[in-house]
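If you want the building blocks of each chain, they are given just below.
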Amino acid sequence: KAGVTQTPRYLIKTRGQQVTLSCSPISGHRSVSWYQQTPGQGLQFLFEYFSETQRNKGNFPGRFSGRQFSNSRSEMNVSTLELGDSALYLCASSRTSGRATSYEQYFGPGTRLTVT
Amino acid sequence: SQQGEEDPQALSIQEGENATMNCSYKTSINNLQWYRQNSGRGLVHLILIRSNEREKHSGRLRVTLDTSKKSSSLLITASRAADTASYFCATDNAGGTSYGKLTFGQGTILTVHP
């Protein structure tokens, strides 16, 4: 099976712009989670989607949004970029459908976003 | 916020030695997972241990879980230079809305010298 793919791998944007990142989960996985990784805050949960519905959201401002399509592919969008949004953005897919994270999450290689 | 605290923050050993990393967490969990990350790349899943399990093995990896102390340890035996990476523990939250959310520790940076 192909792993989780993320595009693009690298992005450079300027403050005030917006950006869209894409994630294709492992075939058959319907849950997609997004995380932000920075040296200062570490790995932080952004949100999770299952069957096109956002089921969980972390403590991030409304500038961070996402969606999931019927084929389970997911996108996340960050509007009005700030310097502090520079980070590695990781998505992960899982075959779980239940309430708890009962199964392993499989991560993509990440998108490295640099905001200047 | 980070639920897990990992200890040590950095570990440097020689090839062939064992490496032990510890993780503590704060809330009740359904399971705890360990991941490896090489130099700013994606995370690789290593092992998942459920809250009703005390020990689990996978190849050169041994994980223990003590829910009474809210702690876990990861032991890598006979380490290799290729094991050089950051290692993270991650937990879900049995008491809250847990859909798809893992809470990660700050990680242990392991360096294995050839």
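This is a predicted model, so every value here is computed, not measured.

In this assembly, 25 residues from chain A lie in contact with 27 residues from chain B. Summed over both sides, the interface of chain A with chain B buries roughly 2,100 Å², with 50% coming from carbon and sulfur. Inspection of the region where chain A meets chain B yields 0 salt bridges. Across the contact surface, chain A and chain B share 7 residue pairs in polar contact (both at pLDDT 80 or more). Tallying contributions element by element places strand β5 (residues 42-50) of chain A first for the side of chain A that touches chain B, with 5 residues. The residue inventory of the side of chain A that touches chain B, partitioned by class, reads 9 nonpolar, 11 polar and 5 charged.

So, about the state of the cysteines. Residue and element names in this part refer to chain A. In the structure shown here, the tally under the stated rule is 2 disulfides over all chains. Two residues, C23 and C91, share a disulfide whose sulfurs are 1.9 Å apart. On the S-S bond that ties C23 to C91, the torsion sits near 70°, and the link is right-handed. Pair noted here: C23 is in strand β3 (residues 19-24) and C91 is in strand β9 (residues 87-94), with a separation of 68 residues, a long-range link. With a relative accessible area of 0%, C23 lands in the buried category.

This brings us to the pairing of strand β4 (residues 31-38) of chain A. All names here are of chain A. In terms of burial, β4 is a largely internal element, 8 of the 8 residues being buried. Residues S31, S33, Y35 and Q37 of β4 are buried on one face, and the alternating residues V32, W34, Q36 and T38, pointing to the opposite face, are buried as well. Relative to β5, β4 is paired through 8 bridges, and the arrangement is antiparallel. By the bridge assignment for β5, Q37 is matched with L43. Hairpin connection, β4 to β5: the antiparallel pair is bridged by 3 residues. Across 7 bridges, β4 lies against β9 in antiparallel orientation. Along β9, the bridge assignment pairs Q37 with L88.

Reading the values: the criteria
All chains use their own residue numbering, which begins from 1 and follows the written sequence. Lettering for chains starts from A, numbering for ligands starts from 1, and both go in the order in which the items are written. In view of the model being predicted, local features appear only for residues whose pLDDT reaches at least 70, and side-chain atom pairs are presented and counted only at 80 or more, with totals across whole chains, interfaces and linings using the full set of residues. Note that the side-chain values use all heavy atoms of the structure and ignore hydrogens as well as water. Residues are treated as being in contact if the distance between any of their heavy atoms lies within 4.5 Å. Using a 1.4 Å probe, buried area is obtained as the accessible area two parts lose upon being combined, added over both of them. Salt bridges, as used here, are contacts in which a Lys or Arg side-chain nitrogen is within 4 Å of a carboxyl oxygen on Asp or Glu. Polar contacts here mean pairs of N or O atoms no more than 3.5 Å apart (in protein, one a potential hydrogen donor and the other a potential acceptor; neighbouring residues in sequence count only if both atoms are side-chain atoms). Helical segments are the DSSP runs of H or I of at least four residues, strand segments are the runs of E of at least two, and each set is numbered from the N terminus. Residues are grouped as follows: nonpolar covers Ala, Val, Leu, Ile, Met, Phe, Trp, Tyr, Cys and Pro; charged covers Asp, Glu, Lys and Arg; every other residue, Gly included, is treated as polar. Disulfide assignment relies on a single distance test, namely cysteine sulfur atoms paired within 2.5 Å. Only protein chains enter the calculation, and the probe is 1.4 Å; a residue is then buried if its accessible area is under 20% of its type maximum, exposed if over 50%, and partly exposed in between. If DSSP finds at least two bridges between two strands, the strands pair.

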